[in-house]
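What follows is each chain in one-letter form.
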Amino acid sequence: MIQSNMKKTVLHAQQLRKSYGIRGNVQQVLRGIDLRVVEGEFVGIMGPSGSGKSTLIKVLAAMDKATAGKIVVEDVDISTMKDAERSIIRCNKLGFIFQDYNLLDMLTVKENILLSISLSKMRKKEVEAKFQEIALDLGILDIADKYPHEISGGQRQRTSIARALIQHPALLFADEPTGALDSKAATSLLEIIEALNRQRSITIMMVTHDPIVSSYCSRVVFLKDGMLYSELYRGSKTRQTFFKDIMNVQAVLGGDHVDPA
């Protein structure tokens, strides 16, 4: 019997495999990964170059199809879906933050944020209320009428987060979200993401190579050669202590040493 205090499973991947190429020249990138993410988790995905972390996030986010295995998002099996069906899942259940923002230059901040719900049957008052709430939380309400080229990189990334969250996705994916930002803007963005995770229980999966970035997570999963190598839970640890734990694992996997912010 499932206890009432157990958190809901948002994503469950079983024996996930992904290969590229054709017979005689096949590259196995993911080699049987099992992963469960529960509601409210902030999960970091780390690993050396070529470990499969970017491929994993694309497959889990329904941007690419697994060669084998099962992926269930909120009780919906997406692993056997056709491209059009996966597209609907991406629109309705998943949100995305990209390193290069993916904003449309000809649209204002507000228009970029509301683009994903522009064709919905939602009333204008409800749409405006959603925008006001998310823009206020992310500190971009005062730049709503500006265009992407008129704002900073940090503001552009916060705009992309607002766009991703406007439909209240079950799971938010982030692919190196601080990669194009300076250290000050990156720290500010990570503090915002962490606050959204804690205060709103937004479930997040984030790919990063940076242990400083992953120290903001509640759990970090390490990949090696397309397989799950190990994982760390932050629990009640300070971010600095968790950073040191991450560095210890990364030292075994390989990577440069950096100091925590």
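Treat the numbers as computed from the prediction; the structure is a model and nothing was measured.

Participant: It is not clear to me how helix 1 (residues 53-60) should be interpreted in this structure. Could you clarify?
Facilitator: Along an α-helix, a turn takes 3.6 residues, which lines up residues three or four apart on a common side. With respect to burial, helix 1 is a largely interior element, 6 of its 8 residues being buried. Residues of helix 1 that are buried include every one of Lys53, Thr55, Leu56, Ile57, Val59 and Leu60, and no others. A positive phi of about 65° marks Ala62, the residue just after helix 1.

Participant: Explain unusual backbone geometry to me, please; I cannot follow it from the model alone.
Facilitator: Outside of glycine, negative phi angles account for most residues, and trans bonds account for most peptide bonds. One non-glycine residue, Glu176, adopts positive backbone phi at about 45°. Tracing the backbone shows Glu176 in the loop between strand 7 (171-175) and helix 6 (183-200). Since its relative accessible area comes to 12%, Glu176 is described here as buried. A positive phi angle, near 55°, is found at Ser201, a position not held by glycine. Looking at the element boundaries, Ser201 is found in the loop between helix 6 and strand 8 (204-207). On the accessibility criterion, Ser201 (43% relative accessible area) is partly exposed.

Participant: Mind showing me how you'd approach the side chain of Arg158 here?
Facilitator: Mapping Arg158 onto the fold places it in helix 5 (residues 153-165). One buried charged residue, Arg158, forms no salt bridge at all, with the nearest opposite charge on Asp142 at 7.0 Å. Polar contacts involving the side chain of Arg158 include one to the main-chain carbonyl oxygen of Leu138, which spans 3.2 Å.

Reading the values: the criteria
- Residues numbered from 1 in each chain as written.
- Predicted model: local features only at pLDDT ≥ 70, side-chain atom pairs only at ≥ 80, totals over all residues.
- Heavy atoms only, no water.
- Buried < 20%, exposed > 50% of the residue type's maximum accessible area, 1.4 Å probe, protein only.
- Helix = DSSP H or I, 4+ residues; strand = E, 2+ residues; numbered from the N terminus.
- Lys, Arg positive; Asp, Glu negative; His and termini not counted.
- Salt bridge = Lys/Arg side-chain N within 4 Å of Asp/Glu carboxyl O.
- Polar contact = N/O pair within 3.5 Å; in protein donor to acceptor, adjacent residues only side chain to side chain.

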